[in-house]
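Structural overview for review
Okay, here's what each chain looks like letter by letter:
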Amino acid sequence: MAVALIVAAGRGERLGSDGPKAFVRLGGRPMVEWSVEVVSQVCDQVVVALPPGVHAPSGTLGVVGGAQRSLSVRNALREASGDPVLVHDAARPLVTVALAQACLDALDARDLDAAIAAAAVTDTIKQAGADQVVERTLDRSRLWAIQTPQAFRRESLERALGQPDEIVGAATDDAALVEAPRENLKVTTPLDMRLAELLLAARD
């Protein structure tokens with residue numbers, strides 16, 4: 001039985017919102033509901049990590065999120081039942097059923113502990129030192145911009161999140177990359193909101 005954990009505890013300062021980012025209205029409804037609608041089609045349970053005092057979307061189990069994103073995931077996982085686990089950010093409302101299912105399917109198809117959505121890096125990336133002087137240009141053909149959803153074997157995710165609080169935020173995962181559509185953007189600014197609304201309207 002697969003379970004989805006949706007991280008919706010962000011404050012949304014960069015978006016210019018005076019409330020939780022995941023509950024800003026996007027395309028006529030709270031942003032988080034777009035993700036809930038999708039992941040509930042591939043998972044038997046949906047747990048949402050929320051800011052204190054905020055009610056969970058209908059049909060989901062709500063938990064209070066942590067001070068950092070990874071701590072929110074840990075809190076949600078503790079209340080979830082099921083394996084594998086699909087983790088998704090509410091700030092990516094353009095997720096599709098196909099993408100979420102591809103992450104889950106990759107676990108069995110390639111016998112992996114984790115499979116994560118990613119998009120190939122198209123910009124030129126340079127590495128600089130502390131003095132901001134460029135040291136080298138990285139080979140972008142080997143670079144990926146990591147997105148969500150991310151699918152995990154429950155045991156693997158519990159092991160990663162079982163470390164002390166101070167290092168959980170820096171935990172890395174050993175995953176295969178599942179290429180995601182470039183339109184799976186993360187909503188951070190008002191311009192992102194407008195673009196997301198246009199893309200969602202185009203689906204209809």
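My aim in this report is to walk through the structure given alongside it, one point at a time. Keep in mind the model is a prediction, meaning the values are calculated, not measured.

1. Side note on the pairing of strand E6 (residues 85-89)
Within E6, 5 of the 5 residues are buried, leaving the element largely enclosed by the surrounding structure. Because side chains alternate across E6, one face comprises the buried residues Val-85, Val-87 and Asp-89, and the other comprises Leu-86 and His-88, equally buried. Note: strand E1 (residues 3-7) against E6, 5 bridges, orientation parallel. In the strand pairing of E6, Leu-5 is matched with Val-87. Looking at chain direction, E6 and strand E10 (residues 144-152) are connected through 3 bridges and run antiparallel. In the strand pairing of E10, Leu-86 is matched with Ala-151.

2. Topic: the nonpolar core
Ranked by internal contacts, the top residues of the largest apolar core, which has 27 residues, are Ile-6, Ala-8, Val-32, Cys-43, Val-48 and Leu-86. Looking at this core, the elements that each hand over two or more residues are E1, helix H1 (31-39), strand E4 (45-50), helix H3 (97-109) and strand E7 (114-120). The element that contributes the greatest number of residues to this core is H3, accounting for 6 residues. Apart from residues no more than four positions distant in its own chain, Cys-43 is found in contact with Ala-2, Val-3, Ala-4, Leu-86 and Leu-104. Core analysis: the next-biggest nonpolar cluster, separate from the first, contains 16 residues, Val-47, Ala-49, Val-63 and Leu-77 among them.

3. Notes on the pairing of E1
Counting buried positions along E1 yields 5 of 5 residues, so the element is predominantly enclosed. Taking every second residue as pointing to the same face, both faces of E1 are buried, with Val-3, Leu-5 and Val-7 on one and Ala-4 and Ile-6 on the other. Where E1 and E4 come together, 5 bridges link them in parallel fashion. Bridged to Val-3 within E4 is Gln-45.

4. What to know about the pattern of salt bridges
For the structure on display, the rule yields 5 salt bridges. The closest approach of N and O atoms between Asp-108 and Arg-153, which form a salt bridge, is 3.0 Å. Of this pair, Asp-108 sits in helix H3 while Arg-153 sits in the loop between E10 and helix H4 (154-161), and the two are 45 residues apart along the sequence. Given the relative accessible area of 59%, Asp-108 is considered exposed. The shortest N-O distance in the salt bridge between Glu-155 and Arg-159 comes to 4.0 Å. Taken together, the residues Glu-155 and Arg-159, both in helix H4 and 4 residues apart, mark about one turn of the helix. Since its relative accessible area comes to 59%, Glu-155 is described here as exposed.

5. Description of the side chain of Arg-92
Mapped onto the fold, Arg-92 is located in the loop between E6 and H3. For the buried Arg-92, no salt bridge is present, and the opposite-charge side chain at shortest range is Asp-89, 4.7 Å distant. If we ignore the near neighbours within four places in the chain, the residues touching Arg-92 are Ser-35, Ile-146, Gln-147, Thr-148, Asn-184, Leu-185 and Lys-186.

6. Here's the deal with the environment of Gln-150
One can find Gln-150 in strand E10. In this structure Gln-150 comes out as buried when scored by relative accessible area, which is 11%. Polar side-chain contacts of Gln-150 include one of 3.0 Å to the backbone oxygen of Gln-147.

7. Looking at the environment of Val-134
Mapped onto the elements of the fold, Val-134 is located in strand E9 (residues 134-137). Non-local contacts of Val-134, meaning those with residues more than four positions away in its chain, are made with Lys-126, Gln-127 and Ala-128.

Definitions and limits used
Residues numbered from 1 in each chain as written. Predicted model: local features only at pLDDT ≥ 70, side-chain atom pairs only at ≥ 80, totals over all residues. Heavy atoms only, no water. Buried < 20%, exposed > 50% of the residue type's maximum accessible area, 1.4 Å probe, protein only. Helix = DSSP H or I, 4+ residues; strand = E, 2+ residues; numbered from the N terminus. Pairing = 2+ DSSP bridges. Core = buried A, V, L, I, M, F, W, Y, C linked by side-chain atoms within 4.5 Å. Contact = heavy atoms within 4.5 Å. Salt bridge = Lys/Arg side-chain N within 4 Å of Asp/Glu carboxyl O. Lys, Arg positive; Asp, Glu negative; His and termini not counted. Polar contact = N/O pair within 3.5 Å; in protein donor to acceptor, adjacent residues only side chain to side chain.

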